Amino acid sequence: SKLLRRWWTQSSPSHLLKAEKQLLSSLVKSPFVKDINNSKNNDDDDNNSNGSSLNYVEYIAKTSLDNKHATKLPTVVMTHGFGSGLGFFFRNVDPLLQSGKIGRLILVDWIGMGGSHRLPCRDSPIRWTKGSFCNSMFTPSEAVDFFVDPLETFLKEKGIGGGSDDSNGEDPPFWLVGHSLGGYLAARYVLRHPHRSPSKLILASPVGFPPPPDDIISPSELPTTFRLLDTLWSANVTPQQLVRLMGANRGRNAVSRALRGRIPHLDSHDADLLADYLFHITVAPPSGEFAMNSLLEPIISKGKSGNGGGGVFAREPLEDMGIVNELSTSVKQVKILFGDHDWMRFNEPSARSVVQGLRRRGIRADVSVLSNAGHHLYLDNSDEFVSEILT
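Below you will find a few notes about this structure. Since this is a predicted model, take the numbers as computed values, not measurements. Sequence order as written defines the numbering, with residues in each chain counted from 1. At least 70 in pLDDT is required for a residue's local features to be given in this predicted model, at least 80 for side-chain atom pairs to be given and counted, and no such filter applies to totals for whole chains, interfaces and linings, which use all residues. Each side-chain value is worked out from all heavy atoms of the structure, with water and hydrogens disregarded.

## Regarding the layout of surface pockets
Thought 1: Each cavity reported here is a set of points on a 1 Å grid over the protein atoms alone in which a 1.4 Å probe fits but cannot get out, each pocket an open set with protein on both sides within 12 Å along at least five of seven lines, and each lining residue one with an atom within 4 Å of a point. Grid points are joined across faces, edges and corners, and a volume is the space filled by probe spheres set on the points. There is about 1500 Å³ of room inside the largest pocket.
Thought 2: Lining the largest pocket are 49 residues; nearest its centre among them are F82, W233, P239, R262 and M292.
Thought 3: Under the DSSP-based scheme used, a helix requires at least four consecutive residues in state H or I and a strand at least two consecutive residues in state E, with every element numbered from the N terminus. Contributing elements (two or more residues each) for the lining of the largest pocket: α7 (224-234), α8 (239-262), α9 (268-283), α10 (291-294), β6 (296-300) and β7 (310-314).
Thought 4: It is α8 that provides the largest number of residues to the lining of the largest pocket, a total of 10 residues.
Thought 5: A breakdown of the residues in the lining of the largest pocket according to their chemical character gives 32 nonpolar, 13 polar and 4 charged. Polarity classes work like this: nonpolar for Ala, Val, Leu, Ile, Met, Phe, Trp, Tyr, Cys and Pro, charged for Asp, Glu, Lys and Arg, and polar for all others, with Gly in that last group.

## Topic: a nonpolar patch on the surface
Thought 1: On the surface, F226, L228, L229 and L232 cluster together to form a nonpolar patch covering roughly 360 Å² of accessible area.
Thought 2: Residue position: L229 is located in helix α7. Nonpolar side chains (Val, Leu, Ile, Met, Phe, Trp, Tyr) within 5 Å and like charges within 9 Å form the patches, drawn only from residues with over 30% relative accessible area and no salt bridge. Surface accessibility in these figures is a Shrake-Rupley result with a 1.4 Å probe; residues are shielded only by whichever protein chains are displayed. What makes a salt bridge here is a side-chain nitrogen of Lys or Arg within 4 Å of a carboxyl oxygen of Asp or Glu, nothing more.

## Considerations on the side chain of H280
Thought 1: Mapped onto the elements of the fold, H280 is located in helix α9.
Thought 2: Summary of the burial criterion: residues with accessible area below 20% of their type's maximum are buried, those above 50% are exposed, and those between are partly exposed, where the area comes from a 1.4 Å probe applied to protein chains only. For H280, a relative accessible area of 2% translates into the label buried.
Thought 3: Contacts are residue-level and defined by heavy atoms, with any inter-residue pair within 4.5 Å sufficient. Not counting residues within four places of it along the chain, the set of residues in contact with H280 comprises Q10, S11, H15, L16, A19 and R252.

## Things to note about the nonpolar core
Generally speaking, nonpolar side chains in soluble globular proteins are found buried as a group.
Thought 1: Counting 57 residues, the largest nonpolar core has F147, Y184, L295, V334 and I336 as the members making the most contacts within it.
Thought 2: Top contributing element to this core by residue count: helix α5 (residues 140-157), with 8 residues.
Thought 3: In contact with I336, other than residues within four places in its own chain, are L203, P206, F209, A351, V355, D366, V367 and S368.
Thought 4: In this description, a nonpolar core means a group of buried Ala, Val, Leu, Ile, Met, Phe, Trp, Tyr and Cys residues linked to one another through side-chain atoms lying within 4.5 Å. Residues V76, A275, V283 and Y378 belong to the second largest nonpolar core, which totals 52 residues.

## A look at the packing of helix α2 (residues 13-27) against α9
Thought 1: Interhelical geometry of α2 versus α9 gives an angle of 155 degrees and a closest axis separation of 8 Å. By the angle between their axes, α2 is roughly antiparallel relative to α9. Where α2 crosses over α9, the two elements pack in a sense that is left-handed. Mapping the contact onto sequence places H15, L16, A19, E20, Q22, L23, S26 and L27 in α2 and H269, D270, L273, L274, D276, Y277, H280 and I281 in α9.
Thought 2: Classifying every residue of the contact of α2 with α9 by side-chain character gives 8 nonpolar, 5 polar and 3 charged. Comment: axis = line fitted to C-alpha atoms, over the contacting stretch for helices; angle = value between 0 and 180 degrees taken between N-to-C directions. The scheme is simple: roughly parallel for angles under 35 degrees, roughly antiparallel for over 145, roughly perpendicular for 65 to 115, oblique for anything else. Take the far helix as the reference: if the near one is turned anticlockwise from it by less than a right angle, the crossing is left-handed, and if turned clockwise, right-handed.

Structure, rendered in structure tokens:
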């Protein structure tokens, strides 16, 4: 039950939003326009009634406040990856706002993730699994809609992008940034809603570009550990569910160790704030996390296809979804970023192929590799990451 879970994890929606506000208030100097405590998610309802409600934080650049002509500067919308939240972009906020090149910055949580509305399992993107007590039986395409349709509603309500009811065709430019799974979803959003396409699309360490390799090792041939992981993945068992089972103390310790292992350069103060925030995200009611199986699949190959032995692949790869030919020409620039020691770089050859195709269509497109950066390149090398967004 809800009360038992909250007692066991010592967490609730209000704890999550408080941790988010503490993180951003402590580590970001710029004031946010939208107060996080005004989120529609409240302490009484894990799954609030507004299915399109996305948690977000909005900032206005000082140049826009001081100069009315600066309102034509771009609005930047940043979306996070799997199991993460908008607060992970804390290092990027001040440099972007102080650049003089953007007018507004919005950090947003995907539906079912972060501090956004968490739908019950029957409405969440769960892939069919034999024997599951809660099968919504989403196809990959339906799982994409689960995420991108609420984003479309949100952008329309905020007057971002073409087609807003009161825009008169005079909207300022809109840049969309997506990290990891958020990069894949950002690309799918642009393909799904070409009428509201951003002028610039930045995909940071994105998953989902290449189709699976031909030389796949079948699950029965995998080592025991990999067979177990494949079985859990296929059964919709997520890392978040394991942390919830651990309870408050062991769960917090597990999240903290994992965070410090993945991003070891964080100082103690920043790491503590981020770990507290990530813990509350992780133990919140399961919803969007089920996309791990409905959108993605882990594959181990014999290494003959040039993918380094396998990885996590999209069930509907971008390369197969017509991104080269179907991307709206209103998208003037596409940037795909990887870290130099980024485990997602097995996507790079496919991404470069896509870039070549976009260039042939006259779309400015590039792949860049950031130095001294892994998968969390926005934290590992914030300066270079921000520079890539702005150029």
